[in-house]
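Letter by letter, the chains look like this.
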Amino acid sequence: MERKIKLPPKPRSLLLRLASAGFAAYAVGGCVRDSLLGLVPQDWDICTSAKPEELLQCFAGERTILTGVRYGTVTVLLEEEPFEVTTFRADLGYSDSRHPDGVRFLSSLRGDLARRDFTVNAMAADAEGTVIDCFGGAEDLQNGLIRCVGTPQERFAEDALRILRALRFAAKLGFSIEENTAAAIHALKERLRSVAPERLRKELKGLLCGRDAAAVMNEFSDVLCVILPELAPCIGFLQFNPHHAFDVWQHTLCALQRAEPEEALRLAVLLHDIGKPSVFSFDKNLVGHFYGHAAVSAAMSEKLLRRLHYDNATTKLVTTLVREHDLFLEATDERRMRRLLARHGEETVRLLLRLRRADRLGKGKGGEEEIEHATAEAEALLTRILREEQCLSLRTLAIGGDDLIAMGVPRGRQIGALLQRLLNAVLDGKLANERERLVSYAQTLLSNEEND
Ligand code: ATP
Ligand code: MG
């Protein structure tokens, strides 16, 4: 059966340009898959029989970037929009599990499709939108299946990252992983250890943020534990606590499914309880407790995120969310909210509220309406504090170091400490942020110190 997709004008024009220069050229991979699914492709990748130097000649009038000429890839910019154009190629092994050791350029499309990971990613379309499907990708797409092109063992042995990619696509598309492909994933999962963290991170993000993340991570938890061994003790760890319906891992997955698909938030949900197994205790009534688990989880998270080479900002954000996730946050407690905002800033606190919401919903103990209501109230409070431009930092405190010096406080550490105490008093609502009041409060503090 002939299948057609619609190409937007720009990628179509690139295909036509290559064709008029005598080369074969197709849109390929994700864009064809997504078009057949009725989704809007993120980007249009193109493959062609033109060799890199021929490509550059063909697009001499356009801005081009030599993205990976060694591997046959040139990026062509059409009015700022980038298109990756890659020569038909076969990959010659992946001894470092990172880059192909080398590539062999090919003259026909079929070999290029054969090197691709999954059948749903191994379809191409010509300038008229006619789909070329050599490996049954369209049928797998219809049946919602992720299946390797070729023999799964061989394909995962060539490049172990494909193991994580299979989970990523299953989660993103809501697909199942075909039986033989799934068996090979379980069998070869240890090979993921050899994959560079930079490559893992991108696929892990896709997996975590996928619509079916929880189901896929449940089915393939053994695979996930190869790169995130900290999760292993959580699986099946019973909580013996009336507030929890699930074991630690099932709770984590349940919470994950309730969190918005945003990388930092989902990472925080995934990691928020990883310290629980190591701090478990029973009380005399045989109720389970996890005292101090948030701090332990945060310390473990930081190590884990560094091991995977997450950037500093993400590491700090996620670690903070994990550390703070268990704080008792009364929606109407304005003082507490100001303190949190002063300490962590708006972005972190907003995410913290979403994390707490997902965490509470993930306990499987009902009370959803109350949880949503409490979250909405806390968010409204946060918004109001920001809108009122309340003082949340030394920068907006109505008194500064110079004022204290003028009052006779010696320069140095004492100034900073005193300002911080004044700010805390303002954050706690004990004191209005007005100069006169701050000056007199500072005087009181100073004379108390002298009397001590
Ligand atoms: P997305 O829309 O999520 O980016 P995509 O299919 O475009 O999905 P990419 O990671 O951008 O995924 O890869 C582009 C294409 O390159 C894939 O569709 C697949 O055909 C091929 N590909 C990418 N990585 C690999 C790999 N490690 N092994 C084999 N083929 C791969
Ligand atoms: Mg892509």
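To be clear, the structure that these remarks concern was listed above.
Everything quoted here is computed from the prediction, not taken from an experiment.

J.: Before we move on, can you summarise the overall build of the protein with the specific residues and values?
T.: Scanning the protein from terminus to terminus reveals 22 helices and 13 strands. The globule rule puts the C-alpha radius of gyration for 452 residues at 22 Å, and the 28 Å found for the protein is more than 25% above it. For the C-alpha atoms alone, the extent of the protein along its principal axes is close to 90 × 60 × 40 Å. Of the contacts formed within the protein by residues at least 6 apart in sequence, a portion of 64% connects residues at least 24 apart. Of the accessible surface of the protein, which amounts to about 21500 Å², a share of 50% is contributed by carbon and sulfur atoms. For the protein, the centre of its 60 positive side-chain charges and the centre of its 65 negative side-chain charges are spaced 2 Å apart.

J.: Lay out the site of ligand 1 in plain terms, naming residues and giving numbers.
T.: Taken together, 17 residues lie around ligand 1, and Arg33, Asp159, Arg162, Arg165 and Arg168 are the ones closest in. One nitrogen or oxygen atom from the side chain of Arg33 is found 2.8 Å from an oxygen atom belonging to ligand 1. Contact between ligand 1 and Asp117: a nitrogen atom at 3.1 Å from a main-chain N or O atom of the residue. Alone, ligand 1 offers 590 Å² of accessible surface; in the complex the protein occludes 83% of this. Secondary structure elements with two or more residues in the shell around ligand 1: helix 2 (30-36), helix 7 (161-173) and helix 9 (197-208). Top element by residues in the shell around ligand 1 is helix 7. It accounts for five residues. Across the shell around ligand 1, the residue classes break down as one nonpolar, four polar and 12 charged.

J.: I'd like a rundown of the pairing of strand 3 (residues 63-68), residues and numbers included.
T.: One ladder, built from four bridges, connects strand 3 with strand 4 (residues 73-78); its direction is antiparallel. Paired with Thr64 across the strands is Val76, a residue of strand 4.

J.: How would you explain the pairing of strand 2 (residues 45-48) if you had to name every residue and give the values?
T.: The pairing of strand 1 (residues 25-28) with strand 2 spans four bridges and is antiparallel. Paired with Ala25 across the strands is Thr48, a residue of strand 2.

J.: Go over the side chain of Thr119 with me, naming the residues and quoting the values.
T.: Looking at the secondary structure, you find Thr119 in the loop between helix 4 (109-114) and strand 8 (123-125). Thr119 gets classed as buried once you look at its relative accessible area, which sits at 1%. If near-sequence neighbours (up to four positions away) are discounted, Thr119 is found in contact with Phe135, Gly136, Gly137, Asp140, Arg147, Cys148 and Val149.

The rules we used
- Throughout, a residue's number is its position along its own chain's written sequence, starting from 1.
- Chain labels run from A onward and ligand labels from 1 onward, assigned in the order the entries are written.
- The predicted nature of this model means local features are confined to residues of pLDDT at least 70 and side-chain atom pairs, given and counted, to a pLDDT of 80 or more, with totals for whole chains, interfaces and linings taken over all residues.
- Processing note: side-chain calculations cover all non-hydrogen atoms of the structure and skip hydrogens and water entirely.
- A helix here means a DSSP run of H or I that spans at least four residues, while a strand means a run of E at least two residues long, and both kinds are numbered starting from the N terminus.
- In this setup the radius of gyration rests on C-alpha atoms only. A globule is expected at 2.2 Å times the number of residues raised to 0.38.
- We call two residues in contact when some of their heavy atoms are within 4.5 Å.
- Each accessible area is a Shrake-Rupley result for a 1.4 Å probe, and residues are judged covered by the shown protein chains and nothing else.
- Positive charges come from Lys and Arg alone, negative charges from Asp and Glu alone, with His and the N- and C-terminal ends not counted.
- A single reference atom marks each charge: NZ on Lys, CZ on Arg, CG on Asp, CD on Glu.
- Here a residue counts as near a molecule or strand whenever at least one of its heavy atoms sits within 4 Å of it.
- Between N or O atoms, a polar contact is any pair within 3.5 Å; within protein, one atom must be a potential hydrogen donor and the other a potential acceptor, and residues adjacent in sequence are included only when both atoms are from side chains.
- Each residue is assigned to one class: nonpolar for Ala, Val, Leu, Ile, Met, Phe, Trp, Tyr, Cys and Pro, charged for Asp, Glu, Lys and Arg, and polar for all the others, Gly among them.
- Think of it this way: DSSP has to see at least two bridges between two strands before they count as a pair.
- To sort residues, take the accessible area from a 1.4 Å probe on protein chains only and compare it with the maximum for the residue type: under 20% means buried, over 50% means exposed, and anything in between is partly exposed.

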